[in-house]
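A look at the structure
Letter by letter, the chains look like this.
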Amino acid sequence: MLEIRDLHVKFHNSNREAVGGVSYTIEDGEIQGLVGESGSGKTVTAMSIAGLLPRKQCSYSGQILLDGMDLLHADRNELRKIHGRHIGVVFQEPMSSMNPLMKVGHQVEEVLLLHTNMTAEERRRKAIETLDQVELNNPEEVYEKYPHELSGGMLQRAMIAAAIIIRPKLLLLDEPTTALDVTIQAQILELLKRLNKEYDASMLFISHNLNVVRKLCTEVAVMQRGLLVEEGKTEQVFYNPQHEYTKRLIAAIPTRNKRKEEC
Amino acid sequence: MKHLNGYLKTGLILTGFLTVFIVLGFFWTPYDPTAMDAKKFLAPSLQHLMGTDNFGRDIFSRVLKGAGTTFGIAVATVAIGAVLGTLVGALTGFFGGIVDDVLMRINDALTAFPSILLALVIISLLGPGKKYNVVLALGAVFVPSFARVTRTAFAGLRDVNYVKSARLMGASNSRILWVHILPNTMNVLLPALTIGFNNAVLAEASMSYLGIGVTPPDASLGYMLSEAQSMLTRAPWYALSTGLTIILLVFGVGLIGEGLQRRSGEVS
Amino acid sequence: MKYAARRIAMLLLTMVIVSLLAFVAFDIISGDPATAMLGTQATPEKIEALREEMGLNRPLVVRYGEWLLGFFTGNLGTSYSYKLPVWQLIAPKVGITLCLSVISFLLIVVISIPLGVRSARYAGGRLDGAGTAINQLGMAVPPFFTGILLTWLFSTTLHWFIHGQFPELTKNPAGALKYLLFASVSIAIPRVAMTVRMLKSTILGEMQKNYVRTAISRGNDRKGVLYRHVLKNALVPVVTFLAQTMAEIVAGGIVVEQVFAIPGLGRLLVASIANRDYPVVQAIVVILAFWVVLAGTIADLINQQIDPRLQLGGDA
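Residues numbered from 1 in each chain as written. Chains lettered and ligands numbered in written order. Predicted model: local features only at pLDDT ≥ 70, side-chain atom pairs only at ≥ 80, totals over all residues. Heavy atoms only, no water.

A closer look at the sheet that holds strand β4 (residues 58-66) of chain A
All names here are of chain A. Strand order in the open sheet formed by four strands is β2-β1-β4-β5, with antiparallel pairing between adjacent strands. Each end of this open sheet is capped by a strand with a single partner; those strands are β2 (19-26) and β5 (69-70). Along the sheet face, helix α1 (residues 42-50) touches β1 (2-11), β2 and β4 and points at about 115° away from the line of β1. (Pairing = 2+ DSSP bridges. Helix = DSSP H or I, 4+ residues; strand = E, 2+ residues; numbered from the N terminus. Contact = heavy atoms within 4.5 Å. Axes fitted to C-alpha atoms, helices over the stretch in contact; angles between N-to-C directions.)

Below is the structure:
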């Protein structure tokens, strides 16, 4: 469904390639994990898929194929039809990723405004329905709230609602739980699992936290310094890591201490 | 020295050029600026670069002298405003506390007022039409804005690591303030100086134009413009040359400020 | 509602402080108004009689209270130089200065907002540097110089208005507004330049924020990002800036009224400062200050409508 072929990205202000030749596939309905420390190139890879790469400030090559269409070299107008419609993104910090001056409901339904001909009332009904699906209580009230009136966990649910409202083929999750408390984190992971089962959406889950990835993903890929060093079934990678770097990452997972995990 | 961008380069050249003329004007002018020996209302020529006025005085010489007065007042004003403002801002920003709160509330109230109005009030209290009162009034008016800029910069640097380590090594407060922090606030202070200078030039010119700033026998560009307005039909070059001198002076310094801000990445 | 009430209470408090400062400062500095009115040759008895008549022998607080009330009752004392009630001098001029400020303000808003948005959209482009330079040049143009050029062009040469003959606002409003329009242009030029610069840097700053990334990821084009998301967020600092601009318009107005010979408050203020006519100066300063503080209050109230986060923590 999504296929990355030999992706290279290099920013003009850096002398090292941020992504140095990554090839990688996500199948339909799969939850893929992408793990690595900050600076490993995982976020740049995700941004390339989401079309958020600042094209003027970097050079890039390779292909990113979504059902056969090359996202890396498509022009902006074509990309705009893909964004939101076929690829939904959930970012790390829900508070700053939401427009502070727009009602949550309007942000949740924005994708419908951009990609469908639904009327305002239809969009509103759909938004409330989706807010309910991400397990927010009183969705009608949440719809009318501004971001600062909700908690981080509630906002992240709303962000997920905004990303899935139109049922995109691919959901990109860029560290969606990192900024949240551990209990909330667990709830969000459960929600994502449920959504994956119900809609059969593919997800790419990006995290520096192996533990979280292990709970959620069926497949995992590990990145280091712009390169993909290991990939495979999650259990396989965990019990039988091949690469030195993966071994170190796994060894670093705190086993007993279940407190909030910082970056 | 980081590289000079286009704004900075153009600004420095323009301002440098004008400064040379102004400094020259302190010592030498082509004619005596008060002598009335040429013909009245002569158009600009090689003998009289900017022509002559209604008394037959050489306008170029008068502009040189006037620009000197304006320039001098602006520099003195900014010096008063910057030194006192930096002192207040540094102390309140560094030590914080209730003094900080009170001073900054007063500051808020004062900066909310247009500088000319405040300066006019002070001038009317001190007595209009005297050069030193203009400097005092404008200087006082510019203290709050400098204090605010400095305070923000000092408060921001109070807990930075190199300040902490200086403190651990036993540096005194005053050493930390003036040796460790002050040089690092230059990114903010230098552009503030250029903005202050321009405000001072414009404010002085306005007040002198109104006849409550610098008055004869001292000449300033603002007062000369009010003279020029009355003979606009006979000698339009008088108003034009005086006005353009003000514009060039402010434009040049403005470009320097823009260049400085861009160099330190304040403006994108 | 609570916010509005608090904000208005603050406005009143500020005005009390400002007026108190003005009153005390002028009271200390101005010396004896009775001497000022009668001249130094007057006999001590005469001066004492006038002092008694003017109520100058009463305590400062009582006189301040009476003076403050005067802004509502119209009793603001007597001008030294015109020997007329201050209120009678000021009243006809308030409207003129108000009109001048409002026209200038509208000009600035109407011109600078579209220009600012445009310059932000084309930031980094080929004309960006030239735009910045023109902007700096605009800021360098003193309003009184523009004023002189405009009177020269439109009055002396083209006779579109007659310099020095300001039509009465009530009898010939169209003529008066036309006259004021020229003055407004000269006030507006440097302010437009500053507002454009401010708007541009605010929009560019907002463009760096995370929510913009979210908006792009949903498939918004540049226009959608700018108009649906960024503009509203950029508005709050711009509204605050425009309120400060109102203060500068008032200041610019003082000078420009002189250039165009507009019989407004500014012109009276300048004349009164030169004459040391303190009762008039005092009253005008407080009125202009009120106008400025009021603009700030209105800006805060507007911002509170734009940004719901300002509901509780709103400060001055």
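Let's talk about a nonpolar patch on the surface
Residue and element names in this part refer to chain B. On the surface, Phe17, Phe21, Val23, Leu24, Phe26, Phe27 and Trp28 cluster together into a nonpolar patch covering about 760 Å² of accessible area. Along the polypeptide, Val23 turns up in helix α1 (residues 6-27). With relative accessibility at 39%, the residue Val23 sits in the partly exposed group. (Patch = residues over 30% accessible without salt bridge, like charges linked within 9 Å, V, L, I, M, F, W, Y side chains within 5 Å. Areas by Shrake-Rupley, 256 points an atom, 1.4 Å probe, with all protein chains shown as cover. Salt bridge = Lys/Arg side-chain N within 4 Å of Asp/Glu carboxyl O. Buried < 20%, exposed > 50% of the residue type's maximum accessible area, 1.4 Å probe, protein only.)

Observations regarding the domain arrangement of chain C
Residue and element names in this part refer to chain C. Taken domain by domain, chain C comprises domain 1 (2-73) and domain 2 (92-314). Computed over C-alpha atoms only, the centres of domain 1 and domain 2 are separated by 33 Å. At the interface, 16 residues of domain 1 touch 19 residues of domain 2. When domain 1 packs against domain 2, the two sides together hide about 1,600 Å² of surface, and 77% of this comes from carbon and sulfur. Where domain 1 packs against domain 2, one counts one salt bridge. (Domains from an automatic or database assignment. Buried area = accessible area lost by both parts, 1.4 Å probe.)

Quick word on the interface of chain C and chain A
Taken together, the contact between chain C and chain A spans 18 residues of the former and 26 residues of the latter. Between chain C and chain A lies a buried interface of about 2,100 Å² when both sides are counted; carbon and sulfur atoms form 58% of it. Connecting chain C to chain A are two salt bridges. Measuring nitrogen to oxygen at the nearest pair gives 3.1 Å for the salt bridge that ties Arg228 of chain C to Glu110 of chain A. Connecting chain C to chain A are 13 residue pairs in polar contact (both at pLDDT 80 or more). Sorting the residues of the side of chain C that touches chain A by element identifies α9 (210-217) and α10 (222-260) of chain C as the ones contributing at least two each. Of the residues forming the side of chain C that touches chain A, the biggest block, six residues, is contributed by α9 of chain C. (Polar contact = N/O pair within 3.5 Å; in protein donor to acceptor, adjacent residues only side chain to side chain.)

Some thoughts on the side chain of Asn5 of chain B
Residue and element names in this part refer to chain B. Relative to the elements of secondary structure, Asn5 occurs in the segment before α1. Asn5 sits in the buried class, given a relative accessible area of 14%. Within the structure, Asn5 has its side chain in polar contact with the backbone nitrogen of Leu8 (distance 2.9 Å).

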